[in-house]
Amino acid sequence: MATGVNRKISAASARAHTRRAKKTNSIPLPSGMLRTALAVLFIGFLAWTYQAIQPPPPKICGTPNGPPITAPRIKLRDGRHLAYKEHGVPKDAAKYKIISVHGFDSCRHDAVVANALSPDVVEEMGIYIVSFDRPGYGESDPDPNRTLKSIALDIEELADQLRLGSKFYVVGVSMGGQVVWNCLKYIPHRLAGAVLVAPVVNYWWSGLPANLTTEAYHQQKLQDQWALRVAHYIPWLTYWWNTQRWFPASCVIAHSLHILSHQDKELVPKMSSRKSYVAQVRQQGDHETVHRDLIVGFGNWEYAPMDLENPFPNNEGSVHLWQGDEDVMVPVTLQRYIAQNLPWIHYHELQGSGHLFLHVDGMSDTIIKSLLRAK
């Protein structure tokens, strides 16, 4: 008689059996394929990052895809062109010849000293002024290799090609004031005198007390602090930082009213004429204009203004620095320190004035007369 065998299976054994069955149904991804997929994703991310931080090429004036050339220009030693604009009496009849250096996000048309100078003063004193587009701005070719010295040499070459003589005056406004420091460093033998109007200060200049620079630096808006940090420490990220949308970028580039003093806001209407040419300022692109200014202006300088010696030891000329004591963009505390340590500087501090005091009625006359009559 045949008998069947009954097997009792415990619950634990059933669960173990089920788990083994499930494991046999899964197909593991080969490790080589996983590594390849991760590598492809990583390479793709690097490619995207590289593209994001690369500025687009500038639209060079006079090229098929670039803006037209409307201004007179000179050709420089390296083949670049520099656009300029003449003001005042004819240079052949002039007694005083001045080169005007515009500031940040500006161009040759922003020659406030020339535009606001009274015709009587121009004729009486025989003043000729030439303003020019700094590299990349307006109709001047960009200079991706721009240095502190190269812009001073550009000015010297402009003077030579326009036959301004062995000596000439320079007047720089805001970021253009930094260019005047460069002229005092690299071409002092060519200068008859110089004016710095609210010149921008580099917080990393050697010789400035750490307590003053730290205090002044942190008086800026947080986004401006970061914009300058990027330009100084990781300049290759300057384009990305000022074009990304994740964090607020520079207030100066954005023309924010938060960086204007009370007086500045009252003077803004006097700048209404800029509407007619403001599109020309960055027409060749942002990177070789405002971004390059940040990289060069707040980078590591090979010298500091405090290192400079008096270019006029026999009082044959003079250097003047004008500063508003309520300037939000350029800290007066640092300007005072620089002037105190350069006793040959004629320092003029204006009470209640901000960054745009040059637009005050009669200020251009005062500044130019002070320069040309000081001995």
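This text follows the structure it describes.
The sections below set out a description of the structure shown in this document. (Residues numbered from 1 in each chain as written. Predicted model: local features only at pLDDT ≥ 70, side-chain atom pairs only at ≥ 80, totals over all residues. Heavy atoms only, no water.)

Here we take up the overall build of the protein chain. Of regular secondary structure, the protein chain possesses 14 helices and 8 strands. Counting over 375 residues, the protein chain shows a buried share of 52%. Restricting the contact set of the protein chain to residue pairs at least 6 apart, pairs at least 24 apart contribute 78%. Summed over all atoms, the accessible surface of the protein chain reaches about 19200 Å², with 56% contributed by carbon and sulfur. (Helix = DSSP H or I, 4+ residues; strand = E, 2+ residues; numbered from the N terminus. Buried < 20%, exposed > 50% of the residue type's maximum accessible area, 1.4 Å probe, protein only. Contact = heavy atoms within 4.5 Å. Areas by Shrake-Rupley, 256 points an atom, 1.4 Å probe, with all protein chains shown as cover.)

This brings us to unusual backbone geometry. In this structure, Arg163 takes a positive phi of about 55° despite not being glycine. Mapped onto the elements of the fold, Arg163 is located in the loop between helix H5 (148-161) and strand E5 (168-173). Residue class for Arg163 comes out exposed when judged on its relative accessible area of 71%. A positive phi angle is found at Ser174, which is not glycine, with a value near 60°.

Moving on: H5. Taking 1.5 Å as the rise per residue, H5 with 14 residues should run 20 Å; its terminal C-alpha atoms sit 21 Å apart, in good agreement. The element H5 is extensively covered by neighbouring structure, given that 10 of its 14 residues are classed as buried. Downstream of H5 by a residue or two, Arg163 has a phi angle that is positive, lying close to 55°. (Expected span 1.5 Å × (residues − 1).)

Among the nonpolar cores identified, the biggest contains 93 residues, and Ile99, Ile127, Phe132, Ile155, Val170 and Trp181 are the most heavily contacted of them. Considering each element in turn, this core owes the most residues, 7 residues, to helix H6 (residues 175-186). Val230, Leu237, Trp240 and Trp241 belong to the second-largest nonpolar core, a separate cluster that totals 5 residues. (Core = buried A, V, L, I, M, F, W, Y, C linked by side-chain atoms within 4.5 Å.)

As for its placement among the helices and strands, His232 is situated in helix H8 (residues 222-233). The buried category is assigned to His232, whose relative accessible area is 9%. Residue contacts for His232: discarding those within four places in its chain leaves Trp204, Phe298, Gly299 and Asn300.

For the rest of this paragraph, the subject is the sheet that holds strand E2 (residues 81-88). One open sheet accounts for 8 strands, arranged E1-E2-E4-E3-E5-E6-E7-E8; its pairing is mixed. Edge positions in the sheet fall to strand E1 (73-75) and strand E8 (345-350), since each has one partner strand and no second. Averaged over all neighbouring strand pairs, the angle between strand axes comes to 25°, with direction disregarded. Relative to strand E4 (residues 127-132), strand E3 (residues 96-101) is paired through 6 bridges, and the arrangement is parallel. Bridged to Val101 within E4 is Phe132. Packing of helix H14 (residues 363-373) onto the sheet brings it into contact with E3, E4, E5, strand E6 (191-197), strand E7 (319-324) and E8, and relative to E7 it is tilted by some 155°. (Pairing = 2+ DSSP bridges. Axes fitted to C-alpha atoms, helices over the stretch in contact; angles between N-to-C directions.)

Time to look at the packing of aromatic side chains. Under the counting rule described, the total for this entry stands at 12 aromatic pairs. For the ring pair Tyr203 and Tyr217, a centre distance of 5.4 Å and an interplane angle of 80° mean the geometry is edge-to-face. A residue pair is termed long-range when its members are at least 10 positions apart, and Tyr203 in the loop between E6 and helix H7 (210-217) and Tyr217 in helix H7 qualify at 14 residues. Using a relative accessible area of 9% as the deciding quantity, one classes Tyr203 as buried. Both rings, one in Trp204 and one in Tyr217, keep their centres 5.9 Å apart while their planes meet at 70°; by these two values the pair is edge-to-face. Of this pair, Trp204 sits in the loop between E6 and H7 while Tyr217 is found in helix H7, placing the two residues 13 residues apart along the sequence. On the basis of relative accessible area, Trp204 is assigned to the partly exposed category, the value being 26%. Across from the ring centre of Trp226, 4.7 Å away, lies the NZ or CZ of Arg229, which sits over that ring. (Phe/Tyr/Trp six-rings, centres within 6.5 Å; stacked < 30°, edge-to-face > 60°. Lys NZ or Arg CZ within 6 Å of the ring centre and 35° of its normal.)

Turning our eyes to something else, we now look at the pattern of salt bridges. On inspection of all chains with the given rule, the structure shows 20 salt bridges. Arg190 is paired through a salt bridge with Asp160; the nearest N and O atoms lie 2.8 Å apart. With a gap of 30 residues between them, Arg190 in the loop between H6 and E6 and Asp160 in helix H5 connect regions that are remote in the sequence. The partner of Glu349 in a salt bridge is Arg336, with the nearest N and O atoms 2.8 Å apart. (Salt bridge = Lys/Arg side-chain N within 4 Å of Asp/Glu carboxyl O.)

The subject of this paragraph is the packing of H5 against H6. Axis separation between H5 and H6 bottoms out at 8 Å; the angle between their running directions is 85°. Classified by the angle their axes make, H5 and H6 are roughly perpendicular. From H5, Leu148, Lys149, Ile151, Ala152 and Ile155 reach across to H6, where they touch Val179, Asn182, Cys183 and Tyr186. Split by residue class, the contact of H5 with H6 holds 7 nonpolar, 1 polar and 1 charged. (Parallel < 35°, antiparallel > 145°, perpendicular 65-115°, else oblique. Nonpolar A, V, L, I, M, F, W, Y, C, P; charged D, E, K, R; others polar.)

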